[in-house]
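Working through the structure, step by step
As a plain string of letters, each chain reads:
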Protein chains: 2
Amino acid sequence: MTAMTDEALALPRTTSPNLKSWVESANTGDTDFPIQNLPFGVFSDNNSGIPRVGVAIGELVVDLAALESAGLLSVPYAVTDDAGQPKSVFRQGRLNDFVALGKAAWASVRTQLSMLLSADGTALRDNAAVRERAVVRQCDAVMHLPFEIPGYTDFYSSREHATNVGCMFRDPKNALMPNWLEIPIGYNGRASSVVVSGTPVRRPNGQRKDPDSARPTYGPCRKLDIELETGFFVGVGNALGSPISAADADGNIFGMVLLNDWSARDIQQWEYQPLGPFNSKGFATTISPWVVTMDALAPFRVEQPQQMPKPLAYLRGAANAGVDLHLEVLLKPKSATSPTTIARTNFKHMYWSMAQQLVHHTSSGCNTRVGDLLGSGTISGPKSELADDNVGTFGSLLELTWNGQTPLKLGNGEVRSFIEDGDELTLLGWCQGEGYRIGFGSCVGTILPALEVAAPESDE
Amino acid sequence: MTAMTDEALALPRTTSPNLKSWVESANTGDTDFPIQNLPFGVFSDNNSGIPRVGVAIGELVVDLAALESAGLLSVPYAVTDDAGQPKSVFRQGRLNDFVALGKAAWASVRTQLSMLLSADGTALRDNAAVRERAVVRQCDAVMHLPFEIPGYTDFYSSREHATNVGCMFRDPKNALMPNWLEIPIGYNGRASSVVVSGTPVRRPNGQRKDPDSARPTYGPCRKLDIELETGFFVGVGNALGSPISAADADGNIFGMVLLNDWSARDIQQWEYQPLGPFNSKGFATTISPWVVTMDALAPFRVEQPQQMPKPLAYLRGAANAGVDLHLEVLLKPKSATSPTTIARTNFKHMYWSMAQQLVHHTSSGCNTRVGDLLGSGTISGPKSELADDNVGTFGSLLELTWNGQTPLKLGNGEVRSFIEDGDELTLLGWCQGEGYRIGFGSCVGTILPALEVAAPESDE
């Protein structure tokens, strides 16, 4: 572990609060996508339907494949396909090809885009023909999953969340498991069912067992829940057998998204021992479409909470491992005209950092690949913040309603112990700068009713 | 659930015990790869190095891309790449493209290969020029992972194994968890670290905690173990939200491999609560290179063990859900000249069938994709079989040595509680027919010493 040099601490020019864009909607102060952000995503037009890489700026999306074609953007390396032909890493339905080029390419593209989109960048601003091809309104774009995701891992790194769950389901006096303060506990999730914001989520069927029944039954989940999380994408992988060191880990992370780890609590309670959650989680995980880069988040890095006991040596990382990222959860019943904010918290409370998660994940020699998604685990804040607006700081309904004991009152008069069919759940998140914010857009899912169970429960 | 019709029960002609091949080494009776087998894999020559699809026959590999080029093999559908150009599903470093063509294509290719390679098949036998290009000796071929594996799931479906582990680590009187007889318990594994047979496996470092120490330490695993498993590959996926029914599940399975789910028992014991095994498993999983198709295994289907209580309706599947597949484990210390057989058992003892695993996995709506790998869980036989040759029937050293209490004596005089550096572990498996066997080849890994721990354990 070497101390960060002044040079490393210096923020890149692309993050300067003084920057403005010729895209007016990027300068409003409350947009998620000012010129300091420039998050990457994959979008398609309603017209052509071909997914490609873009960045969000104000209310617009800029098509990087079109910029490249017009000679206004380039990557620092020649890229070819299997047949040796030149290949555009932006004319792809995933960020993997671009991100695999490495950190120098990320920085180069970000710098080029910052200059192109800045108030005095004329090359795109004054070229109506290219603008016509390369600029799309977000409301006219369809967003896709940003990465092809080879692996999805979910952690459990909020001390408050782990304590709350331990109090509810185990012993309140020993709510944290003995291993929790030593290990960034995590498990492998299901990559296939990670979906992009806006994808409807069908209530899962599964085995639930009432405490006073001899056997479980198979049917619709009765305790459907959210988990307010963030996720990060691996930008630089590691080979099998070659762990990532704590000193290097931050540099292997490309960027972050909001993540809703939908959870079927009744199914989870019955299935999870001894090998962990499975069907209670694998039916869907929703992420926000725009990947906010670690470069854009650099001004908002903060110290993570103090760790006692001091982690084992292999887990001791660099300073400022946390991110001051404000988070909110909104619930809108089908019949309501507006959503109710049901939780507010902040990512800075997370006990284990993203770097520590990645270090631990690879400490066995396990390999990671570009596009691997690592979820934070449910982000719950300290109880002392509960007073604010009477909105809780906990990142799940399980905790907010204390397993249904204290239902939430919504703005339209309805109450909720868990999620009902037709409910729309939204996660929001942003880092607040002076006069601007680095936002994540929204991470939304609406619940469809469960499929009818085809096979009846009988002894026949 | 409909009863199987006579037509469905009829075995395909490609499985007839009377078939012989013009490849003499396929007719020996004890080869793993007679003409009835025809397993698919991905191989490369030592010369060209370009991986492509092949089938094993006796001591040879037949190159399907070369057969296709020579006009001796075709798939029933036109396949094109993204640019609309004709594409060979065999000139690929993975089976996914071929298998994605569906069951009719699998059957068509298998039938064509059976005819080409049968004793009276002249088209390849008598064409020296094509044989020169299309036939390689297995000893001259390098085998690769057969599939690009989007997801790896590991089950826990041997009642004997779950009971043994429960006796050791929980309460012998209630060794099986209450959910075990209702759910084919499984968890998501790490797809990135699935490796092909022959790949050396490095002993992982990780957190281990002695019962009488206040804190864990980070260092080399002290209880490195195997898990004798089989795995199956999904050949037909399902869309998110569309479960696979028990009636359909068998048809979605392409074929099987041997699988060694290497396990770090000391790391596992400390990390696994409450979210399941993670670093104790994610450092490597070895599979055999040849995928034995369900078509080749059809003559060896048997009833699975009787299930009491009768499973919930959604898990009730077709008859003959089991496979009579003999399995062996061999251990060869670095200094030994020959291996010692340390376990013999049979896949037919598995309580939960492959079809039930797949049905349960998707019953929440979780999607599967072509190439997904589902592991059986450790295959341990009934204790009553222990007498045979004094070789145990348990599929792990944890069980064979009862957590190290009764070390194994090896042929060269050494003893083993767990795996030591330099040990070579081999899984073998075959279905015994009359005068032939459908074999799986071998699943081998040799243990390399752990990496030196870079960061010292200290309080500084």
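Residues numbered from 1 in each chain as written. Chains lettered and ligands numbered in written order. Predicted model: local features only at pLDDT ≥ 70, side-chain atom pairs only at ≥ 80, totals over all residues. Heavy atoms only, no water.

For clarity, the threshold we go by: UniProt positions are given in the numbering used here, feature names are shortened, and annotations may be inferred rather than shown by experiment.
Chain A has the name fumarylacetoacetase in an unreviewed UniProt entry, where Paraburkholderia dipogonis is given as its organism. Quoted verbatim from the Pathway (unreviewed entry) heading of the UniProt record, the comment on chain A is "Amino-acid degradation; L-phenylalanine degradation; acetoacetate and fumarate from L-phenylalanine: step 6/6."

A short note on the pattern of salt bridges
Note on pairing: side chains with opposite charge can pair once their charged atoms come close. Residues and elements named next belong to chain A. Heads up, the rule is: Salt bridges are identified by distance alone: a Lys or Arg side-chain nitrogen within 4 Å of an Asp or Glu carboxyl oxygen. We count a stretch as a helix when DSSP gives it H or I for four or more residues in a row; a strand needs E for two or more, and each element gets its number in order from the N terminus. The cut-offs for exposure are 20% and 50% of the maximum accessible area for each residue type, with area from a 1.4 Å probe on protein chains only; residues under the lower value are buried, those over the upper are exposed, and the others partly exposed.
A full pass over the atoms with the stated rule returns 42 salt bridges over all chains. Here aspartate 250 and arginine 301 are joined by a salt bridge, their closest N and O atoms 3.3 Å apart. Here arginine 301 lies in strand S18 (residues 301-302) and aspartate 250 lies in the loop between strand S13 (228-234) and strand S14 (253-260), a separation of 51 residues in the sequence. A relative accessible area of 25% places aspartate 250 in the partly exposed class. By relative accessible area, arginine 301 is classed as buried at 19%. When salt bridges that share partners are traced, they join Asp225, Glu227, Asp261, Arg265 and Lys281 into one network.

Re the sheet that holds strand S20 (residues 326-332) of chain B
All names here are of chain B. Note the cut-off: Should DSSP find at least two bridges between two strands, the strands are regarded as paired.
Strand order in the open sheet formed by five strands is S9-S26-S25-S20-S21, and the pairing between neighbours is mixed. Every interior strand has two partners, whereas the edge strands, strand S9 (201-202) and strand S21 (340-346), have only one. Note: S9 against strand S26 (residues 437-448), two bridges, orientation parallel. Looking across to S26, one finds that arginine 202 is bridged to leucine 448.

A look at the relation of the copies chain A and chain B
What relates the two chain copies is a rotation about an axis together with a slide along it. Where we set the bar: The copies were overlaid by least squares, fitting only the C-alpha atoms of residues that reach a pLDDT of 70 or more in each copy. By definition in these notes, contact holds between two residues if any of their heavy atoms fall within 4.5 Å.
Superposing chain A onto chain B takes a rotation of 180° combined with a translation of 0.0 Å along the rotation axis, leaving an RMSD of 0.0 Å. Here the transformation between the copies is reduced to the relation of a two-fold axis. Of the C-alpha atoms belonging to chain A, the one lying closest to the rotation axis is found on Gly276(A), 2.1 Å away. In this assembly, 100% of the residues forming the interface of chain A have copies in chain B that are likewise at the interface, indicating an isologous arrangement.

Some words on the interface of chain A and chain B
Quick note on the threshold: Here the quantity called buried area is the accessible surface, traced with a 1.4 Å probe, that two parts lose on coming together, added over both. Here a polar contact is taken to be a pair of N or O atoms separated by no more than 3.5 Å, where protein atoms must pair a possible hydrogen donor with a possible acceptor and residues adjacent in sequence count only if both atoms sit in side chains. Gly counts as polar in this scheme, as do all residues outside two lists: the nonpolar Ala, Val, Leu, Ile, Met, Phe, Trp, Tyr, Cys and Pro, and the charged Asp, Glu, Lys and Arg.
Between chain A and chain B, the contact holds 67 residues from the first and 67 residues from the second. Contact between chain A and chain B buries roughly 6100 Å² in total, counting both sides, with carbon and sulfur atoms accounting for 55%. Summed over the three residues of chain A that lose the most area to chain B, namely Arg190(A), Leu275(A) and Phe278(A), the buried surface amounts to 14% of that side. For the pair chain A and chain B, the interface holds four salt bridges. Remark: the boundary between chain A and chain B carries 26 residue pairs in polar contact (both at pLDDT 80 or more). Elements with a minimum of two residues in the side of chain A that touches chain B: strand S6 (152-155), strand S7 (186-188), strand S10 (205-208), strand S11 (217-220), helix H8 (265-271) and helix H10 (354-362) of chain A. When residues of the side of chain A that touches chain B are assigned to their parent elements, the largest contribution, three residues, is made by S7(A). Class assignment for the residues of the side of chain A that touches chain B results in 32 nonpolar, 23 polar and twelve charged.

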